[in-house]
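# Summary of structural features
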Amino acid sequence: MLPRLYNTRTRKKEEFRPLDPSNVRMYVCGPTVYDYAHIGNARPVIVFDLLYRLLRHLYEPEHVRYVRNITDVDDKINARACELYPDLPLNEAIRKLTVETTAQFHRDVAALGCLPPTDEPRATEYIEQMRAMIETLVEKGFAYVGEEHVLFHVAAMPDYGQLARRSLDEMRAGARIEVAPYKRDPMDFVLWKPSKEGEPSWPSPSGIASPGRPGWHLECSAMAGALLGDVFDIHGGGIDLVFPHHENEVAQSRCAHGTELMANVWMHNGHLQVEGEKMSKSEGNFVTINELLKDWGGYGWPGDAIRFNMLHTHYRQPTDWTYDSLDNAHKTLWDWYGHLADVEPSRKLPDAFIEPLLDDLNTPGAIAELHKMAQERRYADLLASLQFLGLTGRRDRLGRLQNGEAQARTLASDAEIRALIEARIAARTEKNWAEADRIRDELVAMGVVIKDAKNPKTGEIETSWEIAR
RNA sequence: GGCGACGUGGCGGAAUGGUUACGCAGCGGCCUGCAAAGCCGUCUAUCCCGGUUCGAUUCCGGGCGUCGCCUCCA
């Protein structure tokens, strides 16, 4: 069965056929490394990681190439570097910021169970290719120089706006941007711009004397072209990137390479809200991945729970990130994982689980199958399926850290818990219910929940315990 | 203002021109000294108004609402 993917370019779900099944190529826009990645940034990383896993499953791992860039040249980076390291020379501050932020990003997404992409190019390593692309565009008449900038001339491309389905006239009418005097058309966008003294800069293309740096959209065109070729299979990112970022990427790449397409399939994930509100620093509901892992809503959450909660909603739907749904996701995994300790995963994934995923990554449908497997106690299938989704299946990896007082008390008293449980068993044997209940209350106050179960063989009561969830 | 997405039970969230997904919560039961856990069972839904149709939640039109993009943005 062929996978079907929703293609933003055609606004339809289509059967996916790679250009070359022995070299399936996907490009996803990665982070701009100037601050901690937030939970909204995590969505495309997780979604396209799952797609990567699905493609590897279908075409064999060695036949899939997944490129996700690191944007390390950007005005936001410059601003943040000045703010954080005012005493360092700007370029040194920028290097420090981008290196540290990249490392943090890697730790965060690894905790969320994401595989590293096959290639992770940094924009600053591809300046040469960007410059060459600009030269080509100028030579072919798609770009021009004005006041030391190089601009892409949208009117030179007859079907500019095709991806976002916007006509130039509409966009010109609705444009809210200030039109720079060196632009021939308000919608023309920057390929290269001059750098101020002290800012990162490289020798400029197209006969511009002073040094400069690339514009906002060029890096992806250059890196995708260099690593995946002129035309490749899948290009992904957040829905907000459709315009202008991806539209402009398409324009640059197609005009430079003289191709009808840049990528066959364009995929975009929906946006995420937090507790019903748009995430913003001013609202105080800005949630970083790191914060979730360390302390959010009183707990440090395991990566599995974060990932599972994310996959609970279809990737194109808008989603609301809430404490309740995360808690729910955690609880579900906790229940399942309790059955999987000594289970060997199945060799083959159940068809009923894979089929929804082949239908435009219908993760809620696949998760419904997981519930069915758990209900039918098909634990080998359940574990294999969970692992396919990038989840560990291991309860010892699912501990939810409690923060503050409760955590301190619980962690300090491991041996004490055992002693109290023994004392309670003794009290129960004597039918001293008051004492037994008192001990149980004491354990609850420590954040420990006990469970009695009858051993089916001996009939003995056995008590287990866990940290309260 | 322009373009677009979406609106399913208390909550999350699939599917579908006709036969009440699924999970959580709730409720009932079994078990239990009590509780928790476990097991079994179970109630509640398709934003509004028209149209097409034997029949629409599903298709079409209108309305209302939510959200996004048009400016850096996942």
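Residues numbered from 1 in each chain as written. Chains lettered and ligands numbered in written order. Predicted model: local features only at pLDDT ≥ 70, side-chain atom pairs only at ≥ 80, totals over all residues. Heavy atoms only, no water.

### Focus: the overall build of chain A
Keep this limit in mind: The helix and strand labels rest on DSSP assignments: H or I over at least four residues marks a helix, E over at least two residues marks a strand, and numbering proceeds from the N terminus. Buried, partly exposed and exposed residues are distinguished by accessible area as a fraction of the type maximum, computed with a 1.4 Å probe on protein chains only: under 20%, between the cut-offs, and over 50%, respectively. To be clear on the numbers: accessible area is Shrake-Rupley with a 1.4 Å probe, and residue cover counts the displayed protein chains and nothing else. For the charge count, each Lys or Arg is scored as positive and each Asp or Glu as negative, with His and the chain ends excluded. Here the site of a charge means atom NZ of a Lys, CZ of an Arg, CG of an Asp or CD of a Glu.
For chain A, the helix and strand inventory stands at 16 helices and 17 strands. Along the first, second and third principal axes, the C-alpha atoms of chain A reach 95 × 55 × 40 Å. By the burial criterion, 52% of the 469 residues in chain A qualify as buried. Per element, the accessible surface of chain A, about 21,900 Å² overall, is 50% carbon and sulfur. Each charge class in chain A can be summarised by its mean position, and for the 56 positive and 71 negative side chains these summaries are 3 Å apart.

### Looking at the packing of helix H6 (residues 218-228) against helix H7 (residues 242-257)
Think of two packed helices as two axes; the pair is described by the angle between the axes and how far apart they sit. Inclusion rule: Axis geometry follows a simple rule: fit a line to the C-alpha atoms, using only the stretch in contact for helices, then measure angles between N-to-C directions, giving values from 0 to 180 degrees. Working rule for angles: under 35 degrees goes down as roughly parallel, over 145 as roughly antiparallel, 65 to 115 as roughly perpendicular, anything else as oblique. Helix crossings are classified by the rotation of the near helix relative to the far one: an anticlockwise turn of less than a right angle makes the crossing left-handed, while a clockwise turn makes it right-handed. Contact definition: two residues touch when any of their heavy atoms are within 4.5 Å. Ten residues, namely Ala, Val, Leu, Ile, Met, Phe, Trp, Tyr, Cys and Pro, are considered nonpolar, four, namely Asp, Glu, Lys and Arg, are considered charged, and the remaining ones, Gly among them, are considered polar.
H7 packs onto H6 with a crossing angle of 50° between their chain directions and a minimal axis gap of 8 Å. By the angle class used here, H6 and H7 are oblique. As for the relative orientation of H6 and H7, their crossing is right-handed in sense. Of the residues in H7, those touching H6 at Leu 218, Cys 220, Ser 221 and Gly 225 are His 245, Glu 249, Gln 252, Ser 253 and His 257. Taken together, the residues of the contact of H6 with H7 sort by class into 2 nonpolar, 6 polar and 1 charged.

### Overview of the domain arrangement of chain A
Operational definition: An automatic or database domain assignment provides the domain bounds reported here. Buried area, as used here, totals the accessible surface that two parts lose on assembly, with accessibility defined by a 1.4 Å probe and the loss added over both. Criterion for a salt bridge: a side-chain nitrogen of Lys or Arg within 4 Å of a carboxyl oxygen of Asp or Glu.
Entries for chain A in the domain assignment read domain 1 (4-269), domain 2 (281-397) and domain 3 (404-467). Its C-alpha centre places domain 1 at a distance of 30 Å from the equivalent point of domain 2. On the domain 2 side, the residues contacting the 29 residues of domain 1 number 33 residues. Roughly 2,800 Å² of surface becomes buried between domain 1 and domain 2 when both sides are summed, with 68% attributable to carbon and sulfur atoms. Looking only at domain 1, the three residues that lose the most surface to domain 2 are Ile 39, Arg 43 and Leu 50, adding up to 25% of its buried area. Across the domain 1-domain 2 interface, the total number found is 2 salt bridges. Notably, a salt bridge pairs Arg 307 with Asp 49, separated by 2.7 Å at the nearest N-O pair.

### Section: the pattern of salt bridges
Scanning all chains against the criterion turns up 26 salt bridges. A salt bridge links Glu 100 to Lys 96, with the nearest nitrogen and oxygen atoms 3.2 Å apart. In this pair, Glu 100 and Lys 96 both sit in helix H3 (residues 90-111), 4 residues apart, roughly one turn of the helix. The exposure class assigned to Glu 100 is partly exposed, which follows from its relative accessible area of 38%.

### A word on the nonpolar core
Put simply, the rule reads: Nonpolar cores were defined as sets of buried Ala, Val, Leu, Ile, Met, Phe, Trp, Tyr and Cys residues, with membership established by side-chain atoms within 4.5 Å.
Ranked by size, the top nonpolar core spans 72 residues in total, and within it Ile 39, Trp 321, Phe 353 and Leu 370 carry the most contacts. Counting residues domain by domain, this core receives three or more from each of domain 1 (4-269) and domain 2 (281-397). Residues in contact with Phe 353, not counting those within four places in the same chain, are Ala 366, Glu 369, Leu 370, Met 373, Ser 385, Phe 388 and Leu 389. Judged by nonpolar contacts, the second largest core, of 44 residues, contains Met 157, Tyr 160, Leu 163 and Leu 218.

### Points about the pairing of strand S5 (residues 143-146)
The line we're drawing: Note on pairing: DSSP must find at least two bridges between two strands before they are called paired.
In terms of strand pairing, S5 meets strand S6 (residues 149-152) through 4 bridges, oriented antiparallel. Residue pairing for S6: Gly 146 is matched across the bridge by His 149. Two successive antiparallel strands, S5 and S6, enclose a turn made up of 2 residues, where Glu 147 displays a positive phi of approximately 50°.

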